[in-house]
Amino acid sequence: MAKKKIKVIISKVGLDGHDRGAKVVASLLKEAGMEVVYLGMYQTPQSIVKAALEEDADVIGVSYLSGEHLVFTPLIVEEMKKHGLEDVLLIAGGSFPPEDIPSMKALGINEVFRGGSLTGEIVKYIEENIGGQGA
Amino acid sequence: MTRKKVSAIQAQENREINWDDYLQAYYEKPTSFRTWSGYETKELYTPEDRDGENYRENIGEAGQYPFTRGIHRNMFRGRYWTRREVVGLGSPADTHERAAYCFKNGGTGLNTIADVTYEMGLDPDHPWAQQEVGLTGVNIAHLQDMETLVGDIPLDKVSWSLITASTAAAPTMAQYVAVARNKGYDISRLRGSVQNDPIHFRYCGFRPACPLDLSIKLGSDVMEFCTREMPKWYYTTVNMYDLREQGLTAPQEIAYGLGIAMCYIDELIRRGLHIDDFAPRFTFYVSCHIDILEEIAKIRAARRMWAKLMKDKYGAKDHRSMQFRFAVHTAGCSLIPQQPLNNLVRIAYEALAAVLAGVQSLHCCSYDEPMCLPTEKGHLQALRTQQIIAYETGVTNVADPLGGSYYIESLTDKMEEEALKFMKEVEDVGGMEEAIRAEWLDRRFEQEAVKRQKELDQMEKLVVGVNIFTDEPEKTTPLGVQRISNISTKSQIEGVRKLKMSRDMNKLREAINKLRDTAAEGRNTIPAMIEATQTLATTSELLGTVREVFGYSYDPMNIIESPFK
Amino acid sequence: MGRSNPVNPDELAAGLLKGDRRAVARMITLVEDQDERANEMMKLVFPHTGRSMIIGITGAGGSGKSTLIDHLIGRFRRMDKRVGVVAVDPSSPFSGGALLGDRVRFQSHSLDEGVYIRSMGARGYLGGLARATTDVVRIMEAMGNEVIIIETLGAGQDEIDIIHVAQTCLLVLTPGMGDDIQAMKAGIMEIADVIVLNKFDLDGAGQCLRSLETIIHTGMSEDKGWAPRVVPTIACAAKSSDVHGVDELVQSIMDHQAYLHRSKKIEEVRAERIEQELGLVFKDEVEKVVFAGLKGTGKKRKYIESIRAGKNDPYSVVEEVLSTFLKEEILE
C-alpha cells in the first residue's frame, strides 16, 4: 500500500498580510513529509473550505496576526460544517491573547500554535490527531 | 549536559533539584560565539585589530563625515531622542485619546499608525474592510476622520509621525495638510513625518495596493511635494524594520533598505531635484534586535554607508544630506507570547542598543506585542522603559560611548563589509527594481525566515521560553488585553456611508476629474488630492482614481467599480 | 472528510457522477493511496469518461505555466465549460513532502463552483505518478468537466507519460532560459502541439521565437497534418491590460482540437491514451500481484541476498518468479 500522505491547507484569511509564519510552517511541514497546499493571502472562509474539500485535506491551518481570530474562526467553522468537513483538523497560528484561546477552541479550533512554537510540536500534534486512516 | 536538561529540571512541578546537574550548570559555558546574524567573533579584540586605522577618514567625530559616531557632535546633550510610541486603534477618536495619553505620560512625539484597511486604500464600508476596521491601527477615510484624529492638538507645537506606509500615504498627507490649512496653519512650519515607503510595503502583505510603478510614483509625489512645501517635514521613513521582521540578518536589513531608498532617490533626481534639495529630509526606520552590540555596529555601519553613498554616488555637498537620520522600532520578531513579562527585558535591552547607537526617535514595543494591541498600561510601560534609559542610566552623557571599542569598531567594519556584499548581489541580479519584479527578494525573505525557524528548532539559537526554560502556557495576559470596541467599528462604517450620501457631488466630481487629469499628465498628484479631500473625497476614491490612470483596477480587491465613470 | 469516514464504493461512485465534490475528492484520495477499493470504483466511473477536452501543459518552474492556466480557466469558464485542473508539483526527494503552490496562482477561480482543482505531489505514488494522474483525469471527466487541464513540470519520464494522456499538449518556454535545447533533448518538443513562448517582454524574445520556428520546421515530418504553433504570450503582468497572447493561445488550442476532430485523429489520440493507461494499469497491477505473492514469504529478501552473493542475477530471478506465478495462475 502507498504510504498515506498527510495533506495540509495553510492559509491566511482576510486582509492580514503577515505571512512569514504561514510560509515557514508550510515549508517545514513539507520537510516533515506532508503535502502542503499553500493558499496565500486574501482568502475567505469559502475559498479556504473549497480548497480543503477539493484537496481532501486532513488539516486546515489558518494564520492570524491582525486581531481577526475571533472574527473569522466562526465563519470558517460554519463553512466547514456546511460541507461536511467536521473531522478535518483545524489549527490556528499567529498572534492572539491567551484569554481568547478557550473561545477559539470552543468555536472549533482544535489547537493553537502561537509565535514561539517549535516546528516539532506542530508536526507531532498533526500526526497524532488526524482522523483514522481509511475506512 | 545541555541547557535543555536544566530547563527541564526547573520546569518540573515539584522543583526538585538534582545537585549533580546543578553543579554542571554552575560550570556551564556558551556553546556558540556567533552574533545573532551568524558572524564568528574572537574571544578578545585588541588594538591590533585596529592596526592601520585612520580615525579621521574611517570613523570621524560624531557630527563629522562619515558620521559613524553619530550625526551630531553633542548627540543627546543637544536633544534627547524623541520618545515616540506608536499608537493606533479603533476609530480616530480612540486613537486620539491614546495619543493624548502617551503625551501626558512623557511621550514627546506623536506617532499614529494606519490599520490594514487604510493601508490597503479601502474605505470602512468596503466588503473586505468591514470586519477588520480599527483592529491594528486607525482607519482614516476622509477629511472629518483626520479632523477627529487631530482634535485639539496644536499642529505647530508638535512633531507628528503618520505611519501610513503604502500608496495610501499620499491621501494621508492630503488629509493632514487639508486639516492643517483649514485650521489656519502655515504648513511650511509643520514638523513631523509620514512613513511613505510603498515599495517595501508589498512585503508586508499590501501588494494589491502597492504595484511597483504606482509605489514609486505616489511615494515620490509625496516626497517632492513635501520638499517644496514642507521643509520641516520628513517625507519618508524608509522602512528597514519591516524587512528585518521578515527574518533577515542585520547586514541584510541595511543592504536591502538602502537599495529601496535608492529607488526613490533615483526617481526624485529623474524629476529634476538635486540631491541636496531633498536628502536632508530623508529618514529611516530601523530595527533593534536582541544582540545589542551587533545592532549598535549595524547602525554605525549604516551611517557610514549612507554618508559615502550620498557623497560618492550622488555627489551630495550638503553635510545634512549625508546624515543618516533614523528612528528605531524595537524588534517585534524578537518578542514571544510565552512568559510575556520577559519581553519587557528584551525591549529594554533593544531600546538601550538604540540609544547607544545614537537614535533620533524611538518606539519601544509594548511587552504584549505578540498577542494584541498595546493596552494603556502596555504603552505606559514602554514609555517608562525609555525614560529610565534617558534619566537614570547615564548613557546619554556621551556621544557614541562605545566608539573606539576594539570589538565595536571591528564589528562595524564587518557589518559594512557584509552589507556591501548583499548590495552587490542585488546589483548582479539587475538592481533593486529588477530584484523586486523578479521576486528575487521574496525568495530571499522566504529562505531567511525558514533558516531562523530552523535555528530555533535545532537549538542553534536559544530563546528563553521557546526552547530553553520553557513553562506551562499562560492563561492570561499580565496587563490585560486591548479590545477594539464594536461601537467604534460600526461608527466608522456608518460615518463614511453617511458622508458619501451627503456630499456635494458636483464639487466632488470636478475635483476627482482634476485629480485624474493631473495623474494622466504625469504631474504631482498631492495638490489635487488635497483639493479633492476638501470636497470630502474618501481615501479609496483618491487612490482608485490614480490607480485607474495607471491601468490598475479602481479597487485593489477588484470588487468595487469607480463611482465616477 | 479526512480519513475517518467509512467508504461505500457504490455510493462514492454515484455521488461522483452526480458531481458531488466530496465524493470526487474522496475518490481521488483513494486512487492516490492505491486503496484496494479504488479499482472497483474506477470500473464504475470509467464508462462515463472519454469525451472531455484534455490539455496538458508542461514547462520549467518559473516559466509562468500556472499563470497561463489561470487565464485559460477564465476563458473556458466564459465559454460556459466546467474545468478540472490537476496540478502536479515536485516532491522532496528527502522527506517525500511537497509544497503545492500552483493553486495560489488560480485566485480568480477560488470561489467558482465550475472549477475543480486538485494538487498532487510528484512522489509517493506506489503505482507511479502517471498511473495516479491518469486515474484522476478520468475521475474529473466523469464528474462532468468538459475541459481538463493537466499541469506538470515535464521533468522525468513519469511526467512525460502523463502528457501522453492529453490531447493537446502545450510546452511553455521563456526567452533566454535555454529551454528550447533542453526540451528537444527531453523529447517533449516532439509531442508539443503548441509551444508557448511566455514572458515575451524579456530580452531576446524575438530571437528565441525565430529559432523555435526554425527548429519546428526542420523537425517536421512530411505527413504531419498539424504544424506545431508557437504562441508568444505575456501571462503575468501587474496590469491586466499588459497581459498578451492569451486569446491567440486559446485559439491555437481550439484550432488543434478542431483539427483532431475534423481529421478523425481524435480517435487515434483516444486510442493512444487508452493504450497508455492500459500499460500503466497492467504494469501496476502485475507488480502488485507479484509482490503481494512474495510478501510475507521472505522470498524477496532471499532473492536479493542470493544476487548480492553472486549466486543469481535479476533476470533469472524474474524468469523464475514469473514462470512459477503464471503456472500457478494457469493451473488454477
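What you see is a predicted model; the values in this text were computed from it and never measured.

Calculation rules
- Residues numbered from 1 in each chain as written.
- Chains lettered and ligands numbered in written order.
- Predicted model: local features only at pLDDT ≥ 70, side-chain atom pairs only at ≥ 80, totals over all residues.
- Helix = DSSP H or I, 4+ residues; strand = E, 2+ residues; numbered from the N terminus.
- Rg over C-alpha atoms; globule rule 2.2 N^0.38 Å.
- Buried ≥ 20, exposed ≤ 12 C-beta atoms within 10 Å, placed from the backbone.
- Contact = placed C-beta atoms within 7 Å.
- Expected span 1.5 Å × (residues − 1).
- Pairing = 2+ DSSP bridges.
- Axes fitted to C-alpha atoms, helices over the stretch in contact; angles between N-to-C directions.
- Right-handed = clockwise from strand over helix to strand, strands pointing away.
- Arc of directions from axis to C-beta.
- Parallel < 35°, antiparallel > 145°, perpendicular 65-115°, else oblique.
- Core = buried A, V, L, I, M, F, W, Y, C linked by C-beta atoms within 7 Å.
- Domains from an automatic or database assignment.
- pLDDT = per-residue confidence, 0-100.

This part covers the overall build of chain A. Check the secondary structure of chain A and you find 5 helices and 5 strands. Element order for chain A, N to C, with α for helix and β for strand: β-α-β-α-β-α-β-α-β-α. In summary, chain A has a C-alpha radius of gyration of 14 Å against a globular reference of 14 Å for 135 residues, a match within 12%. Viewed in the frame of its principal axes, chain A has a C-alpha envelope of about 45 × 30 × 25 Å. A buried classification covers 63% of the 135 residues belonging to chain A. For chain A, restricting intrachain contacts to residue pairs at least 6 apart in sequence, the fraction spanning at least 24 positions comes to 73%.

Attention now goes to the overall build of chain B. Assigned secondary structure in chain B consists of 22 helices and 9 strands. The C-alpha atoms of chain B give a radius of gyration of 24 Å, which matches the 24 Å a tight globule of 565 residues would have. With the C-alpha coordinates of chain B rotated into their principal frame, the extents come out at 85 × 60 × 45 Å.

The next thing to look at is helix H11 (residues 250–270) of chain B. Residue and element names in this part refer to chain B. Taking 1.5 Å per residue as the helical rise, H11 with its 21 residues ought to reach 30 Å, and the 31 Å between its terminal C-alpha atoms agrees with that figure. Burial analysis of H11 places 16 of its 21 residues in the buried class, the great majority of the element. Of the residues one or two after H11, Gly 272 is the one with positive phi, at around 105°.

This part takes up the sheet that holds strand S4 (residues 115–121) of chain C. All names here are of chain C. Strand order across the open sheet formed by 7 strands is S4-S2-S5-S1-S6-S7-S8, with parallel pairing between neighbours. The sheet terminates laterally at S4 and strand S8 (229–232), the two strands that pair on one side only. Pairwise comparison of adjacent strand axes, ignoring direction, gives a mean angle of 20° for this sheet. Sheet topology note: the strand S1 (residues 53–59)/strand S5 (residues 147–152) ladder contains 6 bridges and is parallel.

Residue and element names in this part refer to chain A. Taken together, the 4 bridges between strand S4 (residues 89–94) and strand S5 (residues 111–114) define a ladder with parallel strand orientation. The residue of S5 that forms the bridge with Ala 92 is Val 112. For the crossover that starts at S4, traverses helix H4 (residues 101–107) and ends in the parallel S5, the hand is right-handed.

Here we come to helix H6 (residues 143–150) of chain B. All names here are of chain B. Listing the buried residues of H6 in full gives Leu 143, Asp 145, Met 146, Leu 149 and Val 150. Each buried residue of H6 sits inside an arc of 160° when the element is viewed along its axis, so together they form one side. Next to the buried residues of H6 lie helix H4 (92–104), strand S2 (110–113), helix H7 (169–182) and helix H21 (526–534). Two residues or fewer past H6, Gly 151 is found with a positive phi of approximately 55°.

Residue and element names in this part refer to chain B. Closest axis-to-axis distance for the H7/helix H9 (residues 212–229) pair is 8 Å, and the angle between their directions is 30°. Here H7 is positioned roughly parallel relative to H9, judged by the angle of their axes. The segment H7 lies against H9, with Ala 169, Ala 170 and Met 173 engaging Leu 218, Asp 221, Val 222 and Phe 225.

With that settled, consider the pairing of strand S3 (residues 59–64) of chain A. Residues and elements named next belong to chain A. Most of S3 sits out of view: 6 of its 6 residues are buried. Alternating positions in S3 separate into two faces, Val 59, Gly 61 and Ser 63 on one and Ile 60, Val 62 and Tyr 64 on the other, with burial throughout. By the bridge criterion, 5 bridges tie strand S1 (residues 7–12) to S3 in an arrangement that is parallel. Within S3, the position partnered with Ile 9 by the bridge is Ile 60. Handedness of the crossover joining S3 and S4 through helix H3 (residues 69–82) is recorded here as right-handed.

Counting 279 residues, the largest nonpolar core has Ile 9 and Val 59 of chain A, Val 222 of chain B together with Ile 139 of chain C as the members making the most contacts within it. With 11 residues, H11 of chain B is the single largest residue contributor to this core. When residues of this core are sorted by domain, at least three fall in each of domain 1 (1–48) and domain 2 (50–264) of chain C. Beyond its immediate sequence surroundings of up to four residues, Ile 9 of chain A is in contact with Val 37, Leu 39, Ile 48, Ala 51, Ala 52, Glu 55, Ala 57, Val 59, Ile 60 and Gly 61 of chain A.

Glancing now at the sheet that holds strand S8 (residues 325–330) of chain B. Ordered by their spatial adjacency, 5 strands build an open sheet running S1-S9-S8-S7-S6 (chain B), and the pairing between neighbours is parallel. Each edge of the open sheet carries a strand with a single partner, namely strand S1 (82–83) and strand S6 (236–239) of chain B.

Next up on the list: the environment of Thr 535 of chain B. All names here are of chain B. Locating Thr 535 in the fold gives a position in the loop between H21 and helix H22 (539–549). The class for Thr 535 is partly exposed, based on 19 C-beta atoms found within 10 Å. In sequence terms Thr 535 and Met 505 are 30 residues apart; their C-alpha atoms lie 8.5 Å from each other.

Moving on, we come to the environment of Leu 173 of chain C. Along the chain, the position of Leu 173 of chain C falls in strand S6 (residues 168–173). Between the alpha carbons of Leu 173 of chain C and Val 196 of chain C there is a distance of 6.0 Å; along the sequence they are 23 residues apart.

The next thing to look at is the confidence of the model for chain B. Residues and elements named next belong to chain B. Residues of chain B with pLDDT of at least 70 account for 97%, and the chain-wide mean is 95. Across residues 5–9 the pLDDT falls below 50, and counting only partners more than four positions away or on other chains, this stretch makes 9 contacts in the model. For this predicted complex, the interface score ipTM comes out at 0.93, alongside a pTM of 0.92.

What follows is about unusual backbone geometry. That bond from Tyr 65 of chain B to Pro 66 of chain B is cis: its omega, 0°, falls within 30 degrees of zero. In this fold, Pro 66 of chain B is placed in the loop between helix H3 (55–59) and S1. Despite not being glycine, Asp 400 of chain B has its phi angle at roughly 45°, a positive value. Topologically, Asp 400 of chain B is positioned in the loop between helix H15 (376–392) and helix H16 (406–429). Not every positive phi belongs to a glycine, and Asp 80 of chain C is a case in point at roughly 65°. Position of Asp 80 of chain C among the secondary structure elements: in the loop between helix H4 (65–78) and strand S2 (83–89).

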